[in-house]
Amino acid sequence: MILNASDLGWDESSGSDPFFPLDKLESTPEYEVPPLTVWGVALCISGTLIATENAIVVTTILATPSLRAPVFLLLASLGLADLLAGIALILHFLFLFCVEPSDWSELVTSGLLVTSLTASLCSLMGVALDRYLSLSNALTYGSSQSRHRAAILLLLVWLGACIIGAGPAMGWHCLGMPNSCSVARPLTRTYLSLLCGGFLVVVMITLQLYAGICRVARRHAHAIATQRHFLPANHSYASKHSSGRGFSRLILVLSVFVGCWMPFSLWGLLGDASSPPLYTYATLVPAAGSSLLNPILYSLRNKDIRKVLLQACCPHRYTQNTQTNYPADV
(Lines give C-alpha, C1' and ligand atoms only; values in the text may rest on other atoms or scores of the structure.)
Protein backbone atom coordinates (compact mmCIF):
# COMPACT_ATOMS: atom_id res chain seq x y z
CA MET A 1 0.00 0.00 0.00
CA ILE A 2 1.33 3.44 -0.97
CA LEU A 3 0.61 6.40 1.27
CA ASN A 4 0.69 10.08 0.31
CA ALA A 5 1.60 12.94 2.58
CA SER A 6 -2.07 13.83 3.04
CA ASP A 7 -2.72 10.35 4.34
CA LEU A 8 -0.16 10.90 7.07
CA GLY A 9 -1.81 14.09 8.34
CA TRP A 10 0.31 16.90 6.88
CA ASP A 11 -1.23 20.37 7.38
CA GLU A 12 -0.97 22.49 4.24
CA SER A 13 -1.85 25.68 6.14
CA SER A 14 1.27 25.46 8.21
CA GLY A 15 3.44 26.47 5.27
CA SER A 16 6.13 24.58 3.48
CA ASP A 17 9.87 24.33 3.67
CA PRO A 18 11.56 25.85 0.59
CA PHE A 19 14.07 22.99 0.62
CA PHE A 20 11.28 20.38 0.83
CA PRO A 21 8.31 21.71 -1.15
CA LEU A 22 4.98 20.37 -0.05
CA ASP A 23 3.93 19.40 -3.57
CA LYS A 24 7.00 17.14 -3.87
CA LEU A 25 6.39 15.71 -0.42
CA GLU A 26 2.83 14.84 -1.32
CA SER A 27 3.95 13.04 -4.47
CA THR A 28 6.65 11.03 -2.69
CA PRO A 29 5.42 7.51 -1.99
CA GLU A 30 5.81 6.23 1.55
CA TYR A 31 6.50 2.59 2.22
CA GLU A 32 4.23 0.89 4.71
CA VAL A 33 5.65 -2.13 6.51
CA PRO A 34 3.34 -5.10 5.92
CA PRO A 35 1.62 -6.61 8.97
CA LEU A 36 3.38 -9.42 10.73
CA THR A 37 2.12 -12.86 9.73
CA VAL A 38 2.40 -16.36 11.15
CA TRP A 39 4.79 -17.19 8.32
CA GLY A 40 6.97 -14.23 9.27
CA VAL A 41 7.10 -15.25 12.93
CA ALA A 42 7.95 -18.84 11.97
CA LEU A 43 10.65 -17.53 9.63
CA CYS A 44 12.28 -15.45 12.37
CA ILE A 45 12.06 -18.19 15.03
CA SER A 46 13.42 -20.92 12.75
CA GLY A 47 16.27 -18.70 11.57
CA THR A 48 17.18 -17.86 15.17
CA LEU A 49 17.12 -21.52 16.24
CA ILE A 50 19.21 -22.57 13.25
CA ALA A 51 21.78 -19.83 13.82
CA THR A 52 21.99 -20.50 17.58
CA GLU A 53 22.47 -24.26 17.54
CA ASN A 54 24.95 -24.18 14.67
CA ALA A 55 26.90 -21.36 16.30
CA ILE A 56 27.25 -23.59 19.38
CA VAL A 57 28.52 -26.49 17.26
CA VAL A 58 31.03 -24.38 15.31
CA THR A 59 32.32 -22.68 18.47
CA THR A 60 32.68 -26.02 20.25
CA ILE A 61 34.71 -27.58 17.46
CA LEU A 62 36.95 -24.57 16.79
CA ALA A 63 37.61 -23.94 20.51
CA THR A 64 38.64 -27.55 21.24
CA PRO A 65 42.16 -28.46 20.02
CA SER A 66 41.48 -32.20 20.29
CA LEU A 67 38.68 -31.98 17.70
CA ARG A 68 40.89 -31.75 14.64
CA ALA A 69 40.19 -35.04 12.89
CA PRO A 70 38.89 -34.74 9.30
CA VAL A 71 35.33 -35.51 10.34
CA PHE A 72 35.30 -32.58 12.78
CA LEU A 73 36.53 -30.21 10.07
CA LEU A 74 33.64 -31.39 7.90
CA LEU A 75 31.17 -30.98 10.75
CA ALA A 76 32.48 -27.46 11.39
CA SER A 77 31.99 -26.66 7.70
CA LEU A 78 28.45 -28.07 7.85
CA GLY A 79 27.70 -26.03 10.96
CA LEU A 80 29.08 -22.84 9.40
CA ALA A 81 26.97 -23.34 6.26
CA ASP A 82 23.82 -23.92 8.31
CA LEU A 83 24.68 -20.91 10.49
CA LEU A 84 24.74 -18.75 7.36
CA ALA A 85 21.41 -20.23 6.31
CA GLY A 86 19.90 -19.15 9.64
CA ILE A 87 21.35 -15.66 9.23
CA ALA A 88 19.90 -15.48 5.72
CA LEU A 89 16.43 -16.34 7.04
CA ILE A 90 16.72 -13.66 9.73
CA LEU A 91 17.82 -11.07 7.16
CA HIS A 92 14.93 -12.05 4.91
CA PHE A 93 12.56 -11.48 7.83
CA LEU A 94 14.09 -8.08 8.60
CA PHE A 95 13.96 -6.91 4.99
CA LEU A 96 10.40 -8.17 4.62
CA PHE A 97 8.79 -6.90 7.82
CA CYS A 98 11.07 -4.27 9.37
CA VAL A 99 12.64 -2.18 6.62
CA GLU A 100 11.72 -1.27 3.08
CA PRO A 101 12.85 -4.05 0.72
CA SER A 102 14.97 -3.21 -2.30
CA ASP A 103 16.64 -4.98 -5.18
CA TRP A 104 19.96 -5.25 -3.38
CA SER A 105 18.35 -6.75 -0.28
CA GLU A 106 16.74 -9.47 -2.40
CA LEU A 107 20.05 -10.18 -4.12
CA VAL A 108 21.95 -10.32 -0.81
CA THR A 109 19.52 -12.66 0.93
CA SER A 110 19.10 -14.94 -2.09
CA GLY A 111 22.85 -15.09 -2.71
CA LEU A 112 23.59 -15.84 0.95
CA LEU A 113 20.92 -18.53 1.04
CA VAL A 114 22.21 -20.16 -2.16
CA THR A 115 25.78 -20.09 -0.82
CA SER A 116 24.81 -21.60 2.53
CA LEU A 117 22.57 -24.34 1.09
CA THR A 118 25.19 -25.27 -1.51
CA ALA A 119 27.96 -25.46 1.11
CA SER A 120 25.67 -27.39 3.47
CA LEU A 121 24.77 -30.00 0.85
CA CYS A 122 28.38 -30.40 -0.28
CA SER A 123 29.50 -30.70 3.36
CA LEU A 124 26.95 -33.49 3.85
CA MET A 125 28.48 -35.24 0.84
CA GLY A 126 31.90 -34.71 2.42
CA VAL A 127 30.71 -36.29 5.68
CA ALA A 128 29.48 -39.33 3.73
CA LEU A 129 32.82 -39.52 1.88
CA ASP A 130 34.67 -39.29 5.20
CA ARG A 131 32.60 -42.13 6.65
CA TYR A 132 33.28 -44.30 3.63
CA LEU A 133 37.05 -43.65 3.66
CA SER A 134 37.28 -44.13 7.42
CA LEU A 135 35.69 -47.58 7.13
CA SER A 136 37.69 -48.58 4.06
CA ASN A 137 41.03 -47.20 5.33
CA ALA A 138 40.72 -47.49 9.08
CA LEU A 139 44.49 -47.76 9.65
CA THR A 140 45.34 -44.42 8.03
CA TYR A 141 42.24 -42.52 9.19
CA GLY A 142 42.97 -39.35 11.14
CA SER A 143 46.51 -38.87 9.86
CA SER A 144 47.90 -35.46 9.03
CA GLN A 145 47.63 -36.30 5.34
CA SER A 146 43.92 -37.02 5.77
CA ARG A 147 43.42 -33.69 7.54
CA HIS A 148 45.29 -31.91 4.76
CA ARG A 149 43.06 -33.50 2.13
CA ALA A 150 39.95 -32.61 4.11
CA ALA A 151 41.09 -28.98 4.36
CA ILE A 152 41.66 -28.82 0.59
CA LEU A 153 38.25 -30.38 -0.03
CA LEU A 154 36.55 -27.82 2.20
CA LEU A 155 38.43 -24.96 0.54
CA LEU A 156 37.14 -26.11 -2.86
CA VAL A 157 33.62 -26.56 -1.49
CA TRP A 158 33.44 -23.05 -0.08
CA LEU A 159 35.10 -21.49 -3.11
CA GLY A 160 32.55 -23.16 -5.38
CA ALA A 161 29.65 -22.24 -3.08
CA CYS A 162 30.69 -18.58 -2.99
CA ILE A 163 31.03 -18.45 -6.78
CA ILE A 164 27.59 -20.03 -7.23
CA GLY A 165 26.03 -17.78 -4.60
CA ALA A 166 27.48 -14.67 -6.27
CA GLY A 167 25.50 -15.42 -9.44
CA PRO A 168 22.44 -13.26 -8.59
CA ALA A 169 24.58 -10.27 -7.56
CA MET A 170 26.66 -10.59 -10.73
CA GLY A 171 23.60 -10.17 -12.93
CA TRP A 172 22.06 -13.64 -13.07
CA HIS A 173 18.68 -12.51 -11.75
CA CYS A 174 15.23 -11.69 -13.11
CA LEU A 175 14.73 -8.24 -11.57
CA GLY A 176 13.15 -6.17 -14.33
CA MET A 177 12.54 -9.31 -16.41
CA PRO A 178 9.62 -11.10 -14.74
CA ASN A 179 9.16 -13.51 -17.63
CA SER A 180 12.52 -15.14 -16.88
CA CYS A 181 11.84 -15.63 -13.17
CA SER A 182 11.85 -19.06 -11.56
CA VAL A 183 9.77 -20.33 -8.66
CA ALA A 184 12.26 -18.60 -6.35
CA ARG A 185 12.46 -14.91 -7.23
CA PRO A 186 14.85 -13.20 -8.04
CA LEU A 187 16.62 -16.28 -9.44
CA THR A 188 16.16 -16.93 -13.14
CA ARG A 189 14.76 -20.23 -14.24
CA THR A 190 18.01 -21.16 -16.02
CA TYR A 191 20.07 -20.40 -12.91
CA LEU A 192 17.73 -22.34 -10.60
CA SER A 193 17.54 -25.28 -13.02
CA LEU A 194 21.33 -25.57 -13.08
CA LEU A 195 21.44 -25.18 -9.29
CA CYS A 196 18.80 -27.85 -8.65
CA GLY A 197 20.39 -30.13 -11.24
CA GLY A 198 23.65 -29.83 -9.33
CA PHE A 199 21.81 -30.53 -6.07
CA LEU A 200 20.40 -33.75 -7.55
CA VAL A 201 23.87 -34.83 -8.70
CA VAL A 202 25.27 -34.26 -5.18
CA VAL A 203 22.32 -36.14 -3.66
CA MET A 204 22.92 -39.11 -5.97
CA ILE A 205 26.66 -39.16 -5.20
CA THR A 206 25.89 -39.04 -1.47
CA LEU A 207 23.46 -41.95 -1.77
CA GLN A 208 26.11 -43.93 -3.67
CA LEU A 209 28.60 -43.25 -0.88
CA TYR A 210 26.15 -44.47 1.74
CA ALA A 211 25.50 -47.56 -0.38
CA GLY A 212 29.25 -48.14 -0.33
CA ILE A 213 29.23 -47.69 3.45
CA CYS A 214 26.57 -50.40 3.70
CA ARG A 215 28.65 -52.77 1.58
CA VAL A 216 31.76 -52.21 3.70
CA ALA A 217 29.72 -52.60 6.90
CA ARG A 218 28.28 -55.90 5.63
CA ARG A 219 31.79 -57.17 4.92
CA HIS A 220 32.85 -56.23 8.43
CA ALA A 221 29.75 -57.91 9.88
CA HIS A 222 30.47 -61.05 7.85
CA ALA A 223 34.06 -61.09 9.11
CA ILE A 224 32.80 -60.80 12.68
CA ALA A 225 30.23 -63.53 12.09
CA THR A 226 32.90 -65.95 10.90
CA GLN A 227 34.79 -65.43 14.15
CA ARG A 228 31.67 -65.50 16.33
CA HIS A 229 32.46 -68.89 17.85
CA PHE A 230 35.71 -67.38 19.22
CA LEU A 231 33.85 -64.58 21.00
CA PRO A 232 31.96 -64.69 24.31
CA ALA A 233 28.19 -64.81 24.00
CA ASN A 234 27.68 -61.34 25.47
CA HIS A 235 30.26 -59.86 23.08
CA SER A 236 28.52 -61.45 20.11
CA TYR A 237 25.17 -60.02 21.21
CA ALA A 238 26.71 -56.57 21.71
CA SER A 239 28.17 -56.64 18.20
CA LYS A 240 24.81 -57.55 16.68
CA HIS A 241 23.03 -54.89 18.71
CA SER A 242 25.57 -52.22 17.72
CA SER A 243 25.30 -53.21 14.05
CA GLY A 244 21.51 -53.01 14.19
CA ARG A 245 21.62 -49.56 15.77
CA GLY A 246 24.11 -48.42 13.14
CA PHE A 247 21.86 -49.41 10.26
CA SER A 248 18.84 -47.83 11.96
CA ARG A 249 20.72 -44.55 12.31
CA LEU A 250 21.84 -44.79 8.69
CA ILE A 251 18.26 -45.23 7.51
CA LEU A 252 17.18 -42.25 9.62
CA VAL A 253 19.96 -40.04 8.22
CA LEU A 254 19.19 -41.04 4.63
CA SER A 255 15.46 -40.53 5.09
CA VAL A 256 15.94 -37.01 6.46
CA PHE A 257 18.53 -36.21 3.80
CA VAL A 258 16.37 -37.30 0.86
CA GLY A 259 13.18 -35.89 2.37
CA CYS A 260 14.77 -32.47 2.87
CA TRP A 261 16.56 -32.04 -0.44
CA MET A 262 14.66 -33.97 -3.12
CA PRO A 263 11.39 -31.94 -3.10
CA PHE A 264 12.94 -28.53 -3.80
CA SER A 265 15.49 -29.96 -6.25
CA LEU A 266 12.69 -31.51 -8.34
CA TRP A 267 10.36 -28.51 -7.98
CA GLY A 268 13.07 -26.11 -9.08
CA LEU A 269 13.42 -28.10 -12.31
CA LEU A 270 9.70 -28.53 -12.99
CA GLY A 271 8.14 -25.25 -11.79
CA ASP A 272 8.16 -21.77 -13.26
CA ALA A 273 7.15 -18.22 -12.31
CA SER A 274 3.46 -18.95 -12.89
CA SER A 275 3.47 -21.80 -10.36
CA PRO A 276 1.66 -21.23 -7.03
CA PRO A 277 4.03 -19.78 -4.40
CA LEU A 278 2.62 -22.21 -1.84
CA TYR A 279 4.36 -25.09 -3.61
CA THR A 280 7.65 -23.24 -3.50
CA TYR A 281 7.34 -22.66 0.25
CA ALA A 282 6.27 -26.28 0.78
CA THR A 283 9.45 -27.55 -0.90
CA LEU A 284 11.86 -24.87 0.34
CA VAL A 285 10.92 -25.26 4.01
CA PRO A 286 12.27 -28.86 4.23
CA ALA A 287 15.55 -27.75 2.58
CA ALA A 288 15.90 -24.98 5.17
CA GLY A 289 14.76 -27.41 7.88
CA SER A 290 17.76 -29.55 7.02
CA SER A 291 19.91 -26.84 8.61
CA LEU A 292 17.87 -27.26 11.80
CA LEU A 293 18.24 -31.05 11.90
CA ASN A 294 21.88 -31.39 10.79
CA PRO A 295 23.43 -30.48 14.18
CA ILE A 296 21.21 -33.06 15.89
CA LEU A 297 21.80 -35.85 13.37
CA TYR A 298 25.52 -35.31 12.81
CA SER A 299 27.34 -33.13 15.36
CA LEU A 300 25.48 -33.65 18.65
CA ARG A 301 25.48 -37.43 18.16
CA ASN A 302 29.26 -37.47 18.34
CA LYS A 303 30.52 -38.49 21.78
CA ASP A 304 33.51 -36.13 21.75
CA ILE A 305 31.39 -33.07 20.96
CA ARG A 306 28.89 -34.07 23.67
CA LYS A 307 31.74 -34.44 26.16
CA VAL A 308 32.96 -30.92 25.47
CA LEU A 309 29.46 -29.47 25.77
CA LEU A 310 28.74 -31.35 28.99
CA GLN A 311 32.04 -30.27 30.48
CA ALA A 312 31.28 -26.66 29.56
CA CYS A 313 27.81 -26.85 31.13
CA CYS A 314 28.79 -28.91 34.20
CA PRO A 315 32.56 -28.54 34.70
CA HIS A 316 32.47 -29.79 38.32
CA ARG A 317 30.27 -32.83 37.68
CA TYR A 318 31.73 -34.14 34.46
CA THR A 319 35.28 -35.36 33.91
CA GLN A 320 36.32 -35.33 30.31
CA ASN A 321 37.80 -38.52 28.91
CA THR A 322 40.79 -37.77 26.70
CA GLN A 323 40.17 -40.75 24.43
CA THR A 324 38.94 -39.69 21.00
CA ASN A 325 36.09 -41.54 19.33
CA TYR A 326 36.40 -41.57 15.60
CA PRO A 327 34.01 -41.78 12.74
CA ALA A 328 31.89 -44.70 13.87
CA ASP A 329 30.24 -42.33 16.37
CA VAL A 330 29.58 -39.72 13.71
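This is a predicted model, so every value here is computed, not measured.

About the thresholds
Residues numbered from 1 in each chain as written. Predicted model: local features only at pLDDT ≥ 70, side-chain atom pairs only at ≥ 80, totals over all residues. Heavy atoms only, no water. UniProt positions renumbered as here; feature names shortened; annotations may be inferred. Helix = DSSP H or I, 4+ residues; strand = E, 2+ residues; numbered from the N terminus. Disulfide = S-S within 2.5 Å. Buried < 20%, exposed > 50% of the residue type's maximum accessible area, 1.4 Å probe, protein only. Arc of directions from axis to C-beta. Contact = heavy atoms within 4.5 Å. Polar contact = N/O pair within 3.5 Å; in protein donor to acceptor, adjacent residues only side chain to side chain. Phe/Tyr/Trp six-rings, centres within 6.5 Å; stacked < 30°, edge-to-face > 60°.

1. With respect to the UniProt feature "transmembrane region" (unreviewed entry) in the chain
- Under the UniProt annotation, "transmembrane region" (unreviewed entry) lies at residues 38-64, 71-95, 107-129, 150-171, 191-211, 250-269 and 281-300.
- Summarising residues 38-64: 93% helix, 0% strand, and an end-to-end C-alpha distance of 39 Å.
- Secondary structure within residues 71-95 divides into 100% helix and 0% strand; the distance between the first and last C-alpha atoms comes to 36 Å.

2. Digging into the state of the cysteines
- Under the counting rule described, the total for this entry stands at one disulfide.
- The disulfide bridge from Cys174 ends at Cys181, spanning 2.0 Å between sulfur atoms. On the sign convention where negative means left-handed, the S-S torsion of about 90 degrees between Cys174 and Cys181 marks this disulfide as right-handed. In this pair, the class of Cys174 matches that of Cys181, namely buried.

3. Some words on helix α9 (residues 303-313)
- The complete set of buried residues in α9 reads Asp304, Ile305, Lys307 and Val308. One face of α9 carries all of its buried residues, which in axial projection span an arc of 155 degrees.
- The inward-facing, buried residues of α9 contact α2 (38-62), α3 (70-97) and α8 (277-299).
- Between the side-chain oxygen at the start of α9 and the backbone nitrogen of Asp304 there is a gap of 2.9 Å, and the oxygen is on Asn302.

4. Here's the deal with the packing of aromatic side chains
- Tallying each qualifying case throughout the model produces five aromatic pairs.
- Consider the rings of Phe93 and Phe97, whose centres lie 5.4 Å apart with planes at 40 degrees: the pair is tilted. Separated by four residues within a single helix, Phe93 and Phe97 lie in helix α3, roughly one turn from each other. By the burial criterion, Phe93 is buried, and Phe97 matches it.

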